[in-house]
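Structural features, examined
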Amino acid sequence: MDAETFEIKAYPEMWQELGMDVARFDKMRLMLGEIYGKTFLSQQNRPVRMAYFDQTIAEIHGGRIKELLAAKAAGRPVIGTFCVYIPEEVVLAAGGICVGLCGGSQGSIPDAEKILPRNICPMVKSAFGFKVGRVCPYIQVVDFVYGETTCDAKKKTWEILDTMVPTYVMEIPQMKNESDRTMWLHEVKEFKARIEELSGKEVTVDELTKAVRVMNDKRRALQRLNTLRHAKPTPISGKDVLLIEQIAFYDEPVRFAAEVNELCDELEQRITAGEAVPSKDAVRIMVAGVPMALPNWKLHHLVERAGAVIVNEESCIGTRYYKDLMAEDGQDMETILTDLTTRYMNIDCSCFTPNDERIDQVLKEFRESQADGIIHYSLQFCHTYNIEEIRIREACAREGIPYMFIESDYSPEDVGQIQTRVEAFLEQIRG
Ligand code: SF4
Ligand code: SF4
């Protein structure tokens, strides 16, 4: 595949059957293919095993959707989620499939703004706009959506989204006291009961144990990838790792883990051979903050175009999704659900208060990734990350870590300004 000829494959008949706005979506498909070619396929010295992930993008609106339709035809529910707090293990154990629906595209925001207020986070608007404009095959294919109560923008949007697609909500507490743990376990049990009811399939200890192993294996593969990219010099670009982290929310988990492990084998050989991307002395940047949903590649592209390399994403599309495994040896349902609750309670989203563990985690990941500086990336109107940024900034000042804060949205309007700031930050690090 090359940058000039790359194209995301079109499936107009299937899109029509899914009730999409085919003419409009086809334009978006062409535009996305072009951006993908320029952003990813123009990179030099990419690992050969990235071919699988390029192919996944080429088929992102076709091949994977066909798989989901085949699963539905076989009676397996397809569930859309928006947050890493939704326990995928339970869905898998009920024979279901989870797909991430977070929006990273500017194209659907005007659709959302016809209904939602403008001054909320672009991730929520983008995802909601996909449904309003009928321009995302994933949100069209899901049987139902499972939202959560992590932030105000999301939890109030679920009420509106429910008029367009059945939307259920899992309550996530905002603190981590003992009473919250009790409530969380109760919510996990309710979630399991709801998934059983909707799928018509009981979640057994055996099936849940298998699902826990599948998810642990997927997370282990991503951990391995992240550890390998921390090598100095790094054997893979930050853009490519971000892409893989994004695909993790769409792809079939067993196949995905196998492909990530194959790539990791290649990266080990590259490390031994001293092969560097982009160059041995590139400034290494760690990104912390909000998730970057597909196709939000803006910051990574700007940083790497300026000659630096991103070596870690402390984010939900990043380490927050895979840093925690869970026990695999629970013998009964109560123990497994308790272990599962413990695993999910370790996720350190800024919607919690207090959230000291995230500050420690950012510093830990900075050291592990051998980065030279941190860029905290936030989306406009995301109050929790924008305010928690103050504490991250203070921690970096205390530790003498070069630090920059960027608050952005999905529009191209601030590209020039971010580029100038990124270049100045890299110069500051280079001294
Ligand atoms: S940032 Fe928080 S609310 Fe958003 S996906 Fe991550 S855990 Fe969920
Ligand atoms: S980025 Fe912030 S405001 Fe947006 S959905 Fe996530 S937590 Fe909510």
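Look up a bit, the structure's there.
The paragraphs below set out a description of the structure included in this document. (Residues numbered from 1 in each chain as written. Chains lettered and ligands numbered in written order. Predicted model: local features only at pLDDT ≥ 70, side-chain atom pairs only at ≥ 80, totals over all residues.)

Some points on the packing of helix 10 (residues 178-199) against helix 16 (residues 333-345)
- As a packed pair, helix 10 and helix 16 sit with axes 9 Å apart at the nearest point and diverge in direction by 115 degrees. In the crossing of helix 10 with helix 16, the sense of the turn from one axis to the other is right-handed. Residues R181, W184, L185, V188 and K189 of helix 10 form the contact with helix 16, whose own contacting residues are L337, T338, L340, T341 and M345.
- Its residues assigned to classes, the contact of helix 10 with helix 16 shows six nonpolar, two polar and two charged. (Axes fitted to C-alpha atoms, helices over the stretch in contact; angles between N-to-C directions. Helix = DSSP H or I, 4+ residues; strand = E, 2+ residues; numbered from the N terminus. Left-handed = near helix turned anticlockwise from the far one by under 90°. Contact = placed C-beta atoms within 7 Å. Nonpolar A, V, L, I, M, F, W, Y, C, P; charged D, E, K, R; others polar.)

Concerning the site of ligand 2
- Not every one of the 13 residues close to ligand 2 is listed here, only the nearest: C121, M123, C151, V290 and C382.
- Those elements that place two or more of their residues in the shell around ligand 2 are helix 7 (122-133), helix 9 (152-161) and helix 18 (383-399). (Near = placed C-beta within 6 Å.)

Considerations on the site of ligand 1
- Taken together, C83, V84, Y85, T150, C151, V290, P291, C316, I347, C349 and C351 make up the full set of residues adjacent to ligand 1.
- Considered class by class, the residues forming the shell around ligand 1 number 10 nonpolar, one polar and no charged.

Points about the sheet that holds strand 8 (residues 403-408)
- As summarised here, the arrangement of the four strands in space is 6-5-7-8, forming an open sheet in which the pairing is parallel. The open sheet has two free edges, formed respectively by strand 6 (309-314) and strand 8, since each of these has just one partner strand. Strand-to-strand twist in this sheet, taken as the mean axis angle between neighbours without regard to direction, amounts to 25 degrees.
- Note: strand 5 (residues 284-289) against strand 6, five bridges, orientation parallel. Looking at strand 6, one finds that M286 is bridged to N312.
- Contacts from helix 14 (residues 298-305) reach strand 5, strand 6, strand 7 (373-379) and strand 8, with the element oriented near 150 degrees to strand 6.
- Lying over the sheet, helix 19 (residues 415-430) contacts strand 7 and strand 8, oriented at roughly 170 degrees with respect to strand 8. (Pairing = 2+ DSSP bridges.)

Let's talk about the pairing of strand 5
- Most of strand 5 is tucked away: six of the six residues are buried.
- Residues R284, M286 and A288 of strand 5 are buried on one face, and the alternating residues I285, V287 and G289, pointing to the opposite face, are buried as well.
- The β-α-β motif built from strand 5, the intervening helix 14 and the parallel element strand 6 has right-handed crossover chirality.
- Sheet topology places strand 5 next to strand 7; five bridges connect them, and they run parallel. Its bridge partner being in strand 7, I285 is matched across the sheet by G373. (Buried ≥ 20, exposed ≤ 12 C-beta atoms within 10 Å, placed from the backbone. Right-handed = clockwise from strand over helix to strand, strands pointing away.)

Section: unusual backbone geometry
- Cis geometry marks the peptide bond from V277 to P278, where omega comes out at -5 degrees.
- One can find P278 in the loop between helix 13 (253-273) and strand 5.
- The peptide bond linking T353 to P354 adopts the cis configuration, its omega dihedral lying at -10 degrees.
- Within the fold, P354 resides in the loop between helix 16 and helix 17 (356-368).
- We note that R134 has phi near 55 degrees; this positive angle belongs to a residue other than glycine.
- Looking at the element boundaries, R134 is found in the loop between helix 7 and helix 8 (137-141).
- For R134, a count of 20 C-beta atoms within 10 Å translates into the label buried.
- Its identity is not glycine, yet Q370 carries a phi of approximately 55 degrees, on the positive side.
- With respect to the secondary-structure elements, Q370 resides in the loop between helix 17 and strand 7.

Comments concerning the pairing of strand 7
- Across the seven residues of strand 7, six count as buried, placing the element largely inside the fold.
- The sheet contact formed by strand 7 and strand 8 spans six bridges and is parallel. Counterpart to L379 in the pairing with strand 8 is S408.
- With respect to chirality, the unit in which strand 7 leads through helix 18 into the neighbouring parallel strand 8 is right-handed.

A word on helix 16
- Across its 13 residues, helix 16 extends 18 Å between first and last C-alpha, which sits within 8% of the 18 Å expected from 1.5 Å per residue.
- Here helix 16 has its buried residues at I336, L337, L340 and T341. Burial along helix 16 is one-sided: seen end-on, the buried residues are contained in an arc of 140 degrees.
- Close packing links the buried residues of helix 16 with helix 5 (88-93), helix 10 and helix 11 (205-229). (Expected span 1.5 Å × (residues − 1). Arc of directions from axis to C-beta.)

Considerations on the nonpolar core
- Judged by nonpolar contacts, the single largest core of 121 residues is most densely connected at L225, V260 and I285.
- Considering each element in turn, this core owes the most residues, eight residues, to helix 11.
- Once you skip the residues sitting within four places of it in the chain, I285 turns out to touch V303, A308, I310, V311, A371, D372, G373 and I375. (Core = buried A, V, L, I, M, F, W, Y, C linked by C-beta atoms within 7 Å.)

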